[in-house]
Amino acid sequence: MKDSKKIFLHTYGCQMNKLDSALVCSALKEAEFEIVDSEKEADAILINTCSVREHAEQRVISHLGNLKHIKETRPQLVVAVIGCMAQRMGGELLKHPAVDIVCGPAQIPQLIDLLKEALFNKSKSLAVTENILQHPLENQPLENFESSYDRDEQIIPGQAYVSIMRGCSKFCSYCIVPYVRGLEISRPPAVISEQIKRLAGRGIKQITLLGQAVNSYEYKTGDKTYCLADILETASIIDGIEWIKFITNYPTEKYFEQICFAMRDLPKVCRYLHIPAQSGSDKILKAMNRMYSCQQYLQLIEKAKNIVPNLSIAGDFIVGFPSETDDDFQQTVNLVQKAEHKNCFVFKYSPRPGTIGEKKLKDNVPAVVKQRRNVELLCVQEKISDRLSKEFLDKEVAVLVEGPSKKSHPDEGKEVQLVARTSTDWIVVFDGPKTLAGQFANVKIVNSTPLTLFGQLCS
Ligand code: SAM
Ligand code: SF4
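What this report covers is the structure whose coordinates are included nearby. All values reported here derive from a predicted model rather than from experimental measurement.

1. Some remarks on helix α6 (residues 140–147)
Among the residues of α6, Leu142, Glu143, Phe145 and Glu146 are the ones counted as buried. Down the axis of α6, the buried side of the element spans an arc of 160 degrees, and every buried residue falls inside it. Residues of α6 that are buried sit in contact with α1 (15–30), β7 (159–163), β8 (165–166) and α8 (189–201).

Structural data, given as structure tokens:
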């Protein structure tokens, strides 16, 4: 069926969601829908949602509240909620007066048909996975859908995400991911490698391999078991691919050395390790069901730094986890001071429905204390980031340019302010031609703030 209905797609959440949105975009275009830039001109609005923290869900609920009003004057408008929140809330979400389609992450291959049904027959639909924790989602339609990514829009010029696994089976007590993305399953190495080759053929220079615990990648075939290091090696020999990144890592010994050796020995593998610690208190780590102690975390990153020169490390922390005392928090501060991350993401604990944390633990750290710890931890990290960023002053670095910064105006002349990243994931801002988007460049660093390096384009 040929159609040119207009679709607006709004994405909340992590890189997995960005990838899913890119896949959906690709499928929509192939089905001859038109992607538009504003809700005003859209026949259908798709909202790709995140459930990791309550705040992310509240933003979607308030977005849906606005859409309910808009639908009073535009009753033909179709609203589809896709992603993690769709899977978590299912039928409850379909009762919302603004919502026509609820479609979980594993059902996105059905989305085009559901949209057509809603646009032309006014039918509502619910497509989610029943009993998501019973078995890993061995889902051929999803696999086929994923493999069609090479026909898609690029998220950032020259770069693409490739998910090498789906779901997660770690069951950290605070985390909703296993309940909305299902149990961990690794994609076959041959499929991953084919996909990367096709992306390279379309001019992609950097791929980022995605997995909730990407270093747990494991695929058995015959008598060989493939791990992430094998995937890195295979990706490294693909012509056209220059930089390979992978996120996010779980602090575990298994395969860790092999992965570090791959970072050290394979020039295309970027020396960047995002490895969340979540807390520096062993008591809290245990309550979080994280399978390591603070000391083991520090030993692991020490090992990585010893194997991989100039490694840059990033982390995540949750503050205000149930029963976190000032002393527990101080241990987290101590860990941050020792670990010397390039940057850290700090989140205030948010109980998520259905998780062990929500069912068994009392959310007993007051909001003001969570806020105070959040600010304090970021301040501690800021000093470290500031010191590390100053080490770049007067040095020349290679960057992959993402595009014009938010500050640059489209009507500016040939030179605009550009945003780029180093292979170690430092953000670099400098003036240069727009045509550099998606290209490598060499930049001399002349100034720095804790999170940004400022440079001049080398000729
Ligand atoms: N799989 C990755 C990992 O294990 O590090 C990332 C998972 S999650 C999408 C990203 C981050 O959100 C986590 O590292 C954690 O710090 C934070 N997070 C997850 N659940 C949370 C919750 N209930 N409250 C606050 N922060 C949370
Ligand atoms: Fe969530 Fe833990 Fe899995 Fe990360 S490893 S996705 S935090 S359950």
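2. A closer look at the site of ligand 2
Ligand 2 sits among Cys168, Lys170, Phe171, Cys172, Tyr174, Cys175, Val177, Pro178, Gln212, Tyr250 and Arg290. Looking at side-chain class alone, the shell around ligand 2 contains eight nonpolar, one polar and two charged residues.

3. A closer look at the sheet that holds strand β15 (residues 312–319)
Neighbouring strands of a sheet are bound in pairs by backbone hydrogen bonds; such pairs are parallel or else antiparallel. Reading across from one edge, β14-β15-β16 is the order of the three strands in this open sheet, with parallel pairing throughout. The strands lining the two open edges of the sheet, one partner per strand, are β14 (272–274) and β16 (343–348). Put simply, the sheet's adjacent strands are angled 10 degrees from each other on average, direction ignored. Looking at chain direction, β15 and β16 are connected through six bridges and run parallel. Pairing of phenylalanine 317 across the sheet is with valine 346, part of β16.

4. Comments concerning the layout of surface pockets
If you add up the space inside the second largest pocket, you get close to 590 Å³. The wall of the second largest pocket is formed by 21 residues, among which Asn310, Ser312, Phe392, Thr424 and Trp426 lie closest to the centre. Those elements that place two or more of their residues in the lining of the second largest pocket are β15 and β17 (396–404). With three residues, the top contributor of residues to the lining of the second largest pocket is β17. Per-class residue counts for the lining of the second largest pocket are nine nonpolar, six polar and six charged.

Cut-offs used in this document
- Residues numbered from 1 in each chain as written.
- Chains lettered and ligands numbered in written order.
- Predicted model: local features only at pLDDT ≥ 70, side-chain atom pairs only at ≥ 80, totals over all residues.
- Heavy atoms only, no water.
- Buried < 20%, exposed > 50% of the residue type's maximum accessible area, 1.4 Å probe, protein only.
- Helix = DSSP H or I, 4+ residues; strand = E, 2+ residues; numbered from the N terminus.
- Arc of directions from axis to C-beta.
- Contact = heavy atoms within 4.5 Å.
- Near = heavy atom within 4 Å.
- Nonpolar A, V, L, I, M, F, W, Y, C, P; charged D, E, K, R; others polar.
- Pairing = 2+ DSSP bridges.
- Axes fitted to C-alpha atoms, helices over the stretch in contact; angles between N-to-C directions.
- 1 Å grid on protein atoms, 1.4 Å probe; cavity = no way out; pocket = protein on both sides within 12 Å on 5 of 7 lines; lining within 4 Å.
- Points joined across faces, edges and corners; volume = space filled by probe spheres on them.

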